[in-house]
Structures are given as C-alpha cells and as structure tokens.
Amino acid sequence: MNQQGKAKRNLWIMWFANFFVSGSMTMVLPFISLYIESFGNFSVTYVQHWSGLTFAITFVSAFIFSPIWGKIGDRYGRKKILIISGLGMAFSIFLIGFAQSVWQLFFLRFFMGFFSGFIPMSQAFISTQTPKEIAGRVLGTLQTGSITGSLLGPMLGGVLADTLGYSTTFKWTSIAIFISALLVMTTKEFRIEVRSGAKSHYSSKEVLMHITRNPILLTVLLISALVQIAHFSIQPILSLFVSELHGKSNIAFYSGIAFSVAGLGNLLMSRNWGKIADKYGYIKILVILLFAAGIIYLPGAAVTSFWQLVLIRFLLGAAIGGIIPVRIAYIRQEAPIAMQGEVLGYNNSLRFLGNIIGPMLGGFVSGYLGFSAVFISTSMLLIISGFILLVTMNRNPKLVKRPA
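Residues numbered from 1 in each chain as written. Predicted model: local features only at pLDDT ≥ 70, side-chain atom pairs only at ≥ 80, totals over all residues. Heavy atoms only, no water.

The name given to the protein chain in an unreviewed UniProt entry is MFS transporter, and the organism recorded there is Neobacillus kokaensis. Its UniProt record gives the protein chain a comment under Subcellular location (unreviewed entry), which states: "Cell membrane". (UniProt positions renumbered as here; feature names shortened; annotations may be inferred.)

Of regular secondary structure, the protein chain possesses 17 helices and zero strands. Computed over C-alpha atoms, the radius of gyration of the protein chain comes to 20 Å, within 12% of the 22 Å expected from 2.2 N^0.38 for 404 residues, which places it in the range of a compact globule. Relative to its full complement of 404 residues, the protein chain shows a buried share of 60%. A sequence separation of at least 24 residues applies to 87% of the contacts in the protein chain between residues at least 6 apart. Total accessible area on the protein chain is roughly 16000 Å²; 69% of this is exposed by carbon and sulfur atoms. Taken as two groups, the 31 positive and 11 negative side-chain charges of the protein chain have centres that lie 6 Å from each other. (Helix = DSSP H or I, 4+ residues; strand = E, 2+ residues; numbered from the N terminus. Rg over C-alpha atoms; globule rule 2.2 N^0.38 Å. Buried < 20%, exposed > 50% of the residue type's maximum accessible area, 1.4 Å probe, protein only. Contact = heavy atoms within 4.5 Å. Areas by Shrake-Rupley, 256 points an atom, 1.4 Å probe, with all protein chains shown as cover. Lys, Arg positive; Asp, Glu negative; His and termini not counted. Charge placed at Lys NZ, Arg CZ, Asp CG, Glu CD.)

We now examine helix H8 (residues 166-184). Relative to the 27 Å expected for 19 residues at 1.5 Å per residue, H8 spans 28 Å between its end C-alpha atoms, a close match to the ideal helical length. Along H8, the positions that sit buried rather than exposed are Thr169, Phe170, Thr173, Ser174, Ala176, Ile177, Ser180, Ala181 and Val184. On an axial view of H8, the arc spanned by its buried residues comes to 165°, and they lie on one face. (Expected span 1.5 Å × (residues − 1). Arc of directions from axis to C-beta.)

Now for helix H10 (residues 215-232). An α-helical turn contains 3.6 residues, so any two residues separated by three or four positions project in the same direction. An ideal rise of 1.5 Å per residue puts 26 Å on 18 residues; H10 measures up with 26 Å between its terminal C-alpha atoms. With 14 of 18 residues buried, H10 is to be regarded as a mostly interior element. The residue sitting at the N-terminus of H10 and contributing the capping side-chain oxygen is asparagine 214; that oxygen lies 3.1 Å from the backbone nitrogen of isoleucine 216. (Polar contact = N/O pair within 3.5 Å; in protein donor to acceptor, adjacent residues only side chain to side chain.)

Counting 116 residues, the largest nonpolar core has Met14, Phe118, Ile283 and Leu389 as its most contacted members. What methionine 14 contacts, discounting residues up to four positions off in sequence, is Leu82, Phe118, Ser122, Phe125, Ile126, Leu142, Val184 and Thr187. (Core = buried A, V, L, I, M, F, W, Y, C linked by side-chain atoms within 4.5 Å.)

Before going further, it helps to spend a moment on the packing of aromatic side chains. Taken as a whole and assessed by the stated rule, the structure comprises 20 aromatic pairs. Where tryptophan 12 meets tryptophan 15, the ring centres are 6.3 Å apart and the plane angle is 50°; that geometry is what we call tilted. Of the two residues, tryptophan 12 and tryptophan 15 both sit in helix H1 (residues 3-28), three residues apart, roughly one turn of that helix. Judged by relative accessible area, tryptophan 12 falls into the partly exposed class, the value being 39%. According to the relative accessible area criterion, tryptophan 15 is buried, its value standing at 14%. Taken together, a centroid distance of 5.4 Å and an interplanar angle of 80° make the contact between phenylalanine 110 and phenylalanine 114 edge-to-face. When its relative accessible area of 29% is taken as the criterion, phenylalanine 110 is described as partly exposed. (Phe/Tyr/Trp six-rings, centres within 6.5 Å; stacked < 30°, edge-to-face > 60°.)

To continue, consider the packing of H1 against helix H6 (residues 118-127). It is the contact of H1 with H6, at a shortest axis distance of 10 Å, that shows an interaxial angle of 170°. What the angle tells us is that H1 and H6 run roughly antiparallel. In this structure, H1 contributes Asn10, Leu11, Met14, Ala17, Asn18, Val21 and Ser22 to the contact, and H6 contributes Phe118, Ile119, Ser122, Phe125 and Ile126. When its residues are assigned to classes, the contact of H1 with H6 shows eight nonpolar, four polar and no charged. (Axes fitted to C-alpha atoms, helices over the stretch in contact; angles between N-to-C directions. Parallel < 35°, antiparallel > 145°, perpendicular 65-115°, else oblique. Nonpolar A, V, L, I, M, F, W, Y, C, P; charged D, E, K, R; others polar.)

Right, let's talk about a nonpolar patch on the surface for a bit. Judged by side-chain polarity, Phe63, Ile64, Ile68, Ile72 and Tyr76 come together as a nonpolar surface patch covering roughly 450 Å² of accessible area. Tracing the backbone through its elements, the reader meets isoleucine 72 in helix H3 (residues 44-76). What makes isoleucine 72 partly exposed here is its relative accessible area of 30%. (Patch = residues over 30% accessible without salt bridge, like charges linked within 9 Å, V, L, I, M, F, W, Y side chains within 5 Å. Salt bridge = Lys/Arg side-chain N within 4 Å of Asp/Glu carboxyl O.)

Where helix H11 (residues 238-246) meets helix H14 (residues 306-320), the axes come as close as 8 Å, and the angle between the chain directions of the two elements is 140°. Classified by the angle their axes make, H11 and H14 are oblique. Residues Leu238, Phe241, Val242, Leu245 and His246 of H11 pack against Phe306, Leu309 and Arg313 of H14.

Along the polypeptide, glycine 386 turns up in helix H17 (residues 371-395). C-alpha separation for the pair glycine 386 and phenylalanine 63, spaced 323 residues apart in sequence, amounts to 24 Å.

Structurally, serine 150 can be placed in helix H7 (residues 135-164). Through-space distance from the C-alpha of serine 150 to that of leucine 208 is 33 Å; in sequence the pair is 58 residues apart. Ignoring any residue separated from it by four or fewer positions in sequence, one finds serine 150 in contact with Ser22, Gly23, Thr26, Ser260 and Gly263.

What follows is about the environment of isoleucine 84. Here isoleucine 84 lies in helix H4 (residues 78-96). In this structure isoleucine 84 comes out as partly exposed when scored by relative accessible area, which is 38%. Taking the C-alpha atoms as reference points, isoleucine 84 and serine 116, separated by 32 residues in sequence, lie 9.9 Å from one another. If sequence neighbours within four positions are ignored, isoleucine 84 has contacts with Trp69 and Phe115.

Have a look at this one:
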C-alpha cells in the first residue's frame, strides 16, 4: 500500500477512534454537576463552584504534560502515545464510576488529565501525513469524527444516566475509550516525505525560537487559551442552566440535547470551513470565525426558554466548528514536520490552560452574577480574540499567506 492509501486508511481509523473518545467523554459532561449533587445535600452555590473546579482540574495535569507528550511523539512516534492515552483515560474513567465523594472525583479527574489529549494528538498524527494544500479539508474531516461522537454522546449519556445511574454510565464510558486504543493499534505510522536536507529533530529552544519569530503563529497559539476560556466557561454549569429553563424533569436528557446541538452545527460546517480556509487562507477565516462566534453567543444572555438556548448553541457550533481544524492546518503550514508535535503540544497546553480557567470562571461568575453574565463574558472574549488576531494580521501582512 502506498503512502496515499495508508494516509486514507489511517484517517478513517482515527475518525472512528475520535468518535468513540469524544462520544465517551461528552457522555458524562452534562451530568458532572448532577453527579456531585448525588454525593450529599449541598447548596446550589457549592455545586456550581465544585462543578467548575472538578471539570477544570483534569486540564491542570493535561496542561503540564501536553508539550512533553508532543516532544516524545516527535522523537519516537505518535502511535505509542495515542495508545497510552486511550488506555490511561479508560482506566481513569472506570475508577470515577466508583467515586463516593467530591474529593475522590476531584483527584481521579486530576489523574485522568495525565492521559488527556487523545484527540489533539490524533490531529498531529494525521497532520504529519497530510500535504499542506489539503490540510484544512483533511483535518476538518477528522474533526467530524469527534464532532459526531460529541453530538451523540451527551444524549446517550443522558439516557444511560436517567435509566442506569451515573456510576454505571462512567463504567460503560471506559469501555468505549478502550476500544479507541485498540483501533489505534491497527494504524500504520509514517510521515509525509520532507525535502532533502531537512532536520530530523529540533531542540525545545529551537522550537520556541521558531514560534516567537512568527508573531501570527504566536498569536494563534495564545488565542487558543482565550477561545477555550470562552467556550468552556458555560460547560460545567450548562445542565444547571437547562434545569432553570426547563425544570427538573428528565434533566440529564435535556442537558444532553443542549450539549449535542452545538455538535450538530459543528458537524455540518467543520469540513466546509477547512475547504474554504484551504482556498482563501487560514488566518483570514480564523478572524471571521472568532467574530461570528462572539456575536452569536451574546443573545444567550437574554434567553427565556430551553429551545432558544438550543438554537443559539446550534449556531455557535456552526461558527466555532472551523476554528480547530483551521488552526491546526495553519500550524501544519508554518511548522516543519519534525517539530509539529511539540508546537501542537504547546497549542494543546494553552488550550488546556483555557479549559482550566474557563470552567472555574463560569462557575464563579454564574454563582455571583447569574447565568446571563457567563454568556456576556464568553461573547466578549471571542470578539477580543478576533480583534487581537486581526491587528496582528494587519501588522504582519507578509506572514499572511495562502497554503502553499
């Protein structure tokens, strides 16, 4: 089988692996706050605060280890890292199903973070096998796997939680992630041919120098944190907001719908945004997507019904769906093959930093100022991110180029 055939086969294997991982992870997201409520008779403010902290703690350990995994992947191959990640997450989530207190849940989610990053690492795995000129389309296709999983996961998780209970749902989730690790074992790892004389590896100092010498690349990486802060600020308290809008009846199921509908918009537009960015330039499309997502999120502060919230999250998903594949395709364009894993590792670390700050910010803002304030702060962060990237692009026009 030639390289093109191997790349296509790997793409579809990783599509299904991402589907299982994303579906499994999002199965449990809608009811983390409800799981905490099941541990005792707590106040609403206590549950909101601990939902944010418990959700965020996974990303503390992931923030620390992501560049390390990326560097190891550059040197020794990403397939091994993906297998370790899948097995580690499966074991961690299985143990979470036995948690009896908030502190046990907190520490188990911290442990899980050491193995997080399966989906970003799979993007790096496929990126190094993809020609620059079609990177947006290919990575957009890969993302539809995780989006499809995130679309079905919350609803399935809601049904399982309502019928079997939270603990059993965590245990079933771990099995699906274990299947993803098995799928990775069937892939064939290789890197696309590079030009003669290209370096086979770079030191961390060389990688950091490469990033800092390109202001647009540096800005794209830093904006990763702002986007995640905005996007994740609503995640841990969304089920509580749904409960306020819709009532307690079948709350896990309706929370699952609110989570999943953003994935539907994402699914419909992710690959299309990648194709558009391949044609017109990654940075220009990123600016448009950031402004669009910020504007769409703002009306969330004024919703009065569950279905209004569903509509806004669908439109948000359509706008924000291109940000990840377009951003990864841009890094694929700007970073040499031999350093892409580490560059993407820094990108993932900054994303995880946003994942740490966002849920805590959302939990505290909603606790003191109400749910509407979370939507307003989220919208402003996305618009600010768009302005930052727009200014950087205009100051460095020579660095803004279409894919080669």
